[in-house]
Amino acid sequence: MSRRFVVTGGAGFLGSHLCEALLGRGDEVVCVDNLSTGDPGNLAGFAGHPGFTFIEADVCQGIPVGGSVDGVAHLASPASPPAYLRLGLETLDVGSRGTAAALALAQRSGARFVLASTSEVYGDPQVSPQPESYWGNVNPIGPRSVYDESKRFAEALTAAHRRYRDVNTAIVRIFNTYGPRLGPGDGRVASNFVAQALAGEPLTVFGDGTQTRSLCFVDDTIAGLIAMLDAGDGVTGPVNIGNPNELTILELAAVVLDVTGSSSPLEHQPLPVDDPLVRRPDITLAGALLGWRPSVDLRDGLTRTVDWQRSTLARGRPDSRAVPPPA
Ligand code: NAD
Ligand code: UDP
């Protein structure tokens, strides 16, 4: 029998892939999104599906969904650094009031709730790779705190709803994910480098480029999210979802140039304030609790990302998410 899921932030990069994957296995999906950083174009491939409903709404004002709900995947939040730096107060709002509204929906529906948290809760980590038991190193008043602390509060609110209200909650901490629908104007590193390489423009390396990230292809991340949605009440997390294949930003630039065949130069720009110097997930727990591990190789994933950006550019799809890079 098909189940009914509410996906907040479903018009965004990850949310649209999650909606599509759930519909693809026969579930019904209600996507709730205010389109602040999302794009209706992300929904184009399945907007007409009979099991799909789109509601344009700000989840901070409550979530206008009735009827039975089996699962709530709470993804609504700006996620790209330029976007959350532009929408700082909105980011804090959706992590607090928005998360409260999504938890209230799960509580009144008796649904499982999964929070899309982030590796940013570890801040600039002093421990690497990062296991879920690490409490992090976050500057609570720095510019990135609008995102990091919003997600840390969302985790606290989620844990408290399980503790005090017996809501069936779970938390995944997602590490840097890339792939199709990460638009050329999104501002995150993989999409920036691919867009710049395809345009023959300089690849903007922030700082000296020795900082590391561990990039996970979107299909892998979505499989992890769905495994958590499907897991039993006893699986609460937090669980890291990410690819442990760590590389420096300079190494990433070299792979992008190779995959695209571009001869773009590198252009160093200032490192954003509090930019974490290392990031790599310990995914032992995801394997043990969810039987999950990533399988898509970086070059394959980048090739699929490049193909998507090329076809998007060819169609001339307007990029409604264009935001300037951070100073
Ligand atoms: P995205 O910006 O593409 O998508 C976020 C979506 O949330 C957008 O469609 C936006 O319009 C919507 N939204 C924002 N505020 C809202 C509000 N108040 N009400 C309703 N909708 C709202 O970002 P993404 O990369 O798809 O990230 C999705 C989630 O996953 C976020 O919660 C993010 O923190 C988390 N996450 C993503 C990554 C990643 O690498 N993509 C890593 C860690 C965590
Ligand atoms: N970065 C970069 N050039 C860009 C965009 C980002 O060098 O055009 C760097 C950024 O400083 C960070 C890393 O790439 O060290 C990942 O940045 P992103 O914005 O993708 O995500 P973050 O992990 O910072 O949330």
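This write-up is about the structure you can find in this document. It should be emphasised that the depicted structure is a prediction, and the values quoted were computed from it without experimental measurement. (Residues numbered from 1 in each chain as written. Chains lettered and ligands numbered in written order. Predicted model: local features only at pLDDT ≥ 70, side-chain atom pairs only at ≥ 80, totals over all residues. Heavy atoms only, no water.)

Notes on the sheet that holds strand 6 (residues 169-174)
Spatially, the 7 strands line up as an open sheet ordered 3-2-1-4-5-6-11, and their pairing is parallel. Because the sheet does not close on itself, it has two edges, and the strands there are strand 3 (52-56) and strand 11 (239-241). Between one strand axis and the next, the sheet turns by 20° as a mean value, whatever way the strands run. Along the sheet face, helix 1 (residues 13-24) touches strand 1 (4-8), strand 2 (28-33), strand 3, strand 4 (71-74) and strand 6 and points at about 170° away from the line of strand 1. Lying over the sheet, helix 6 (residues 218-230) contacts strand 1, strand 4, strand 5 (112-118), strand 6 and strand 11, oriented at roughly 165° with respect to strand 6. (Pairing = 2+ DSSP bridges. Helix = DSSP H or I, 4+ residues; strand = E, 2+ residues; numbered from the N terminus. Axes fitted to C-alpha atoms, helices over the stretch in contact; angles between N-to-C directions. Contact = heavy atoms within 4.5 Å.)

Observations concerning the site of ligand 1
Residues in contact with ligand 1 amount to 32 residues; listed here are only the nearest, Asp33, Thr37, Tyr147, Lys151 and Arg188. Between ligand 1 and Thr177, the relevant distance is 2.8 Å, taken from an oxygen atom to a main-chain nitrogen or oxygen of the residue. Bound to the protein, ligand 1 loses 97% of the 820 Å² it would expose on its own. Secondary structure elements with two or more residues in the shell around ligand 1: helix 1, strand 5 and helix 4 (145-165). In terms of residues, the shell around ligand 1 owes the most to one element, strand 5, which gives 3 residues. (Near = heavy atom within 4 Å. Polar contact = N/O pair within 3.5 Å; in protein donor to acceptor, adjacent residues only side chain to side chain. Areas by Shrake-Rupley, 256 points an atom, 1.4 Å probe, with all protein chains shown as cover.)

Observations regarding the pattern of salt bridges
By the definition in use, this model includes 15 salt bridges. One salt bridge in this structure joins Glu149 and Arg152, with 3.6 Å as the shortest N-O distance. Of this pair, Glu149 and Arg152 both sit in helix 4, separated by 3 residues, roughly a single helical turn. A salt bridge links Arg162 to Asp233; its shortest N-O distance comes to 2.9 Å. A residue pair is termed long-range when its members are at least 10 positions apart, and Arg162 in helix 4 and Asp233 in the loop between helix 6 and strand 11 qualify at 71 residues. One network of salt bridges, in which partners are shared, links Glu120, Arg144, Arg213, Asp275 and Arg279. (Salt bridge = Lys/Arg side-chain N within 4 Å of Asp/Glu carboxyl O.)

Some remarks on the side chain of Thr158
Inspection of the secondary structure assignment puts Thr158 in helix 4. Beyond its immediate stretch of four places on either side in the chain, Thr158 contacts Thr99, Leu103, Phe113, Leu115, Thr169, Ala170 and Ile171.

Here we look at the nonpolar core
Ranked by internal contacts, the top residues of the largest apolar core, which has 57 residues, are Leu18 and Leu290. When residues of this core are assigned to their parent elements, the largest contribution, 7 residues, is made by helix 6. Leave out the neighbours within four places in its chain, and Leu18 touches Val7, Ala73, Leu75, Ile222, Leu225, Ile226 and Leu229. (Core = buried A, V, L, I, M, F, W, Y, C linked by side-chain atoms within 4.5 Å. Buried < 20%, exposed > 50% of the residue type's maximum accessible area, 1.4 Å probe, protein only.)

Structural notes on helix 1
Each full turn of the α-helix corresponds to 3.6 residues, which orients residues three or four apart in the same direction. With 12 residues, helix 1 extends 17 Å from end C-alpha to end C-alpha; this agrees with the ideal 16 Å at 1.5 Å per step. Once helix 1 finishes, Gly26 follows within two positions and takes phi at roughly 100°, a positive value. (Expected span 1.5 Å × (residues − 1).)

Things to note about helix 4
For helix 4, spanning 21 residues, the distance from its first C-alpha to its last is 28 Å, which sits close to the expected 30 Å at 1.5 Å a residue. Listed in full, the buried residues belonging to helix 4 are Ser145, Val146, Tyr147, Asp148, Ser150, Lys151, Ala154, Glu155, Leu157, Thr158, Ala160 and His161. Where helix 4 is buried, its residues contact helix 2 (81-86), helix 3 (88-109), strand 5 and strand 6. Two residues or fewer past helix 4, Asp166 is found with a positive phi of approximately 60°.

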